[in-house]
Amino acid sequence: MTVNLEVADGVGTIRLDRPPMNALDIATQDRLRELAEEVTRRDDVRAVVVWGGEKVFAAGADIKEMQVMDHAAMVVRSKALQEAFTAVARIPKPVVAAITGYALGGGCELALCADFRIAADNAKLGQPEILLGLIPGAGGTQRLARLVGPSKAKDLIFTGRQVKADEALALGLVDRVVPAAEVHAQAHAWAARLASGPALALRAAKECVDAGLETDIDTGLAVERTWFAGLFATEDRDIGMRSFVEEGPGKAKFR
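Residues numbered from 1 in each chain as written. Predicted model: local features only at pLDDT ≥ 70, side-chain atom pairs only at ≥ 80, totals over all residues. Heavy atoms only, no water.

Novice: How do you make sense of the pairing of strand 6 (residues 116-120) when you look at a structure like this?
Specialist: Remember that side chains alternate between the two faces of the sheet whenever the strand is regular. Counted residue by residue, strand 6 has five buried out of five residues, so it is predominantly covered. The side-chain alternation of strand 6 yields two buried faces, one formed by F116, I118 and A120 and the other by R117 and A119. Strand direction decides the pairing type here: strand 4 (residues 95-99) and strand 6, joined by four bridges, are parallel. Paired with A97 across the bridge in strand 6 is R117. (Buried < 20%, exposed > 50% of the residue type's maximum accessible area, 1.4 Å probe, protein only. Helix = DSSP H or I, 4+ residues; strand = E, 2+ residues; numbered from the N terminus. Pairing = 2+ DSSP bridges.)

Printed below as a string of C-alpha cells:
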C-alpha cells in the first residue's frame, strides 16, 4: 500500500509510503480518501497525524502519470483528486501534519488539509505548479489563501517558489518548527493530548471554525449556537462541569 494507517493510544497515523519522494499518484490519492473515511468512522481514532516519514512529506503529484493525461481525462480525475484531499480536510477530529523535507504541490496541499502543521527545520514548502504551466488543483488556491491571506498566497502560487521552514512559520503556513528528528514525536504528542479530550466538543469546535470561514458571521454564529446548546446533552459536558466544580479547571477525564 502507498498509504498506511497505524492506530495507538487513540491516535491514527496516516503514513505516506511511496519512496523515494511520496509522489501522489492516483492510487495514493484514492488510498488517502479511503483512510480519511476510515478514521472518520472509527471510534478508537480520536485524533490523526498525517506523516510522510523521516525524509520527505510529499514532493507533489506524479508528473509522469499526469503528463500522459489529456483534458478529458483530467476533467474526470480532478474531481476525484479534490475529493480525496477534502476527505482529509473534513475528518471531524483534530488532524496534525508532521512535515519533514519537501511538501510541494500536492504535498503542500495535503498539509493544508490539517488543522495544525508541525514542520522540521529542514522542511521546504511551496506550490510550484505554475512552473509546469498549471495552477494548484487539489485545493491550493483556496486553502492557502484562507490560511495565509490572498496576497501571500498569490506570491507563492504566482512564483512557484519554495519557502524554508522559518519563512513558512513567519507566513503562518506552518505553526511550529522543530528539529527534524522530533517532528513525528511532537505531532503525535499534540494529537495524543487532544485524543484524551471531549470528542464531541472537539468535533463541534472544528466544524464551527471551518463552517464559519465559509459563510457570513450571522450564519457562523447560528452554527456555533446550535452546537453550543447541543453539547449540553452530552456526557462529556457533565464530566467536564462536575470536575471543574469539584476539583478545579483542567482535571476532567473524558471518556
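Novice: Please clarify how helix 9 (residues 199-213) should be interpreted in this entry.
Specialist: Because each turn of an α-helix spans 3.6 residues, side chains separated by three or four positions end up pointing in the same direction. Here helix 9 contains 15 residues, and its C-alpha end-to-end distance of 22 Å stays within 8% of the 21 Å for a straight helix at 1.5 Å per residue. Among the residues of helix 9, A204, K206 and C208 are the ones counted as buried. Structurally, helix 9 contributes buried residues whose contacts are with helix 3 (71-89), strand 4 and helix 10 (217-230). (Expected span 1.5 Å × (residues − 1). Contact = heavy atoms within 4.5 Å.)

Novice: Even after reading the chapter, I still don't get the nonpolar core, so can you show me in this structure?
Specialist: Most often, soluble globular proteins keep nonpolar side chains buried together rather than apart. In this structure, F57, I99, L125 and L173 are the most contacted members of the largest nonpolar core, which totals 46 residues. A per-element tally of this core places helix 3 first, with six residues. Among the nonpolar cores identified, the runner-up in size contains 15 residues, and W51, I118, V178 and A195 belong to it. (Core = buried A, V, L, I, M, F, W, Y, C linked by side-chain atoms within 4.5 Å.)

Novice: Whenever I open this one, the pattern of salt bridges confuses me. Can you help?
Specialist: Once the charged atoms of two side chains with opposite charge are near each other, the side chains can pair. Across all of its chains, the model carries 16 salt bridges by this definition. Residues R42 and E38 are paired through a salt bridge, measuring 2.9 Å at the closest nitrogen-oxygen approach. Given a relative accessible area of 22%, E38 falls into the partly exposed group. Of the charged contacts in the structure, one is a salt bridge between E235 and R255, with a shortest N-O distance of 2.4 Å. Separated by 20 residues along the polypeptide, E235 in helix 11 (residues 235-247) and R255 in the segment after helix 11 bring together distant segments of the chain. (Salt bridge = Lys/Arg side-chain N within 4 Å of Asp/Glu carboxyl O.)

Novice: Explain the sheet that holds strand 8 (residues 162-164) here, please?
Specialist: Two strands in a sheet stick together by hydrogen bonds in their backbones, pointing the same way (parallel) or opposite ways (antiparallel). The strand order across the open sheet formed by three strands is 5-7-8, and the pairing between neighbours is mixed. What marks the edges here is a single partner per strand, and that holds for strand 5 (102-104) and strand 8. Strand-to-strand, the axes of this sheet are offset by a mean angle of 20°, without reference to chain direction. Of the pairings in the sheet, the one linking strand 7 (residues 124-126) to strand 8 comprises three bridges and is antiparallel in character. For L125, the partnering residue across the bridge sits in strand 8 and is V163. (Axes fitted to C-alpha atoms, helices over the stretch in contact; angles between N-to-C directions.)

Novice: Just to check I follow, could you spell out the side chain of Q127 for this structure?
Specialist: Turning to its location among the elements, Q127 is positioned in the loop between strand 7 and helix 5 (140-148). Exposure remark for Q127: the relative accessible area of 0% places this residue in the buried category. For Q127, the side chain forms a polar contact with the main-chain oxygen of G105, separated by 3.4 Å. One polar contact links Q127 to E129, side chain to side chain, over a distance of 3.1 Å. For Q127, the contacting residues outside a window of four places in its chain are G105, C108, E109, L112, P136, G140, L144, L156, I157, G160 and R161. (Polar contact = N/O pair within 3.5 Å; in protein donor to acceptor, adjacent residues only side chain to side chain.)

Novice: What should I look at first to understand the packing of helix 9 against helix 10 in this one?
Specialist: Relative orientation and spacing of two packed helices are given, respectively, by the angle between their axes and the distance between those axes. With their axes 9 Å apart at the nearest point, helix 9 and helix 10 run at an angle of 170° to one another. In terms of their interaxial angle, helix 9 and helix 10 are classed as roughly antiparallel. Between helix 9 and helix 10, the contacting residues are L200, R203, A204, E207, C208 and G212 on the first element and G220, V223, E224 and W227 on the second. (Parallel < 35°, antiparallel > 145°, perpendicular 65-115°, else oblique.)

Novice: Is there a simple way to explain helix 6 (residues 150-159) in this structure?
Specialist: Those residues of helix 6 lying buried are A153, L156 and I157. Buried residues of helix 6, viewed axially, fall in a sector of 95°; they line one side. Within helix 6, the exposed residues directed more than 90 degrees away from the buried face are S151 and F158. Those residues of helix 6 that are buried are in contact with helix 5, strand 8 and helix 7 (165-171). After helix 6 finishes, the residue G160 shows a positive phi value of roughly 70°. (Arc of directions from axis to C-beta.)

Novice: How should I be thinking about the side chain of D62 in this particular structure?
Specialist: In this structure, D62 sits in the loop between strand 3 (47-51) and helix 2 (63-67). A relative accessible area of 16% places D62 in the buried class. Among the polar contacts made by the side chain of D62, one reaches the side chain of R18 at a distance of 3.1 Å. Separated by 3.1 Å, the side chain of D62 and the backbone nitrogen of E65 make a polar contact. Apart from residues no more than four positions distant in its own chain, D62 is found in contact with R18, A23, L24 and D25.

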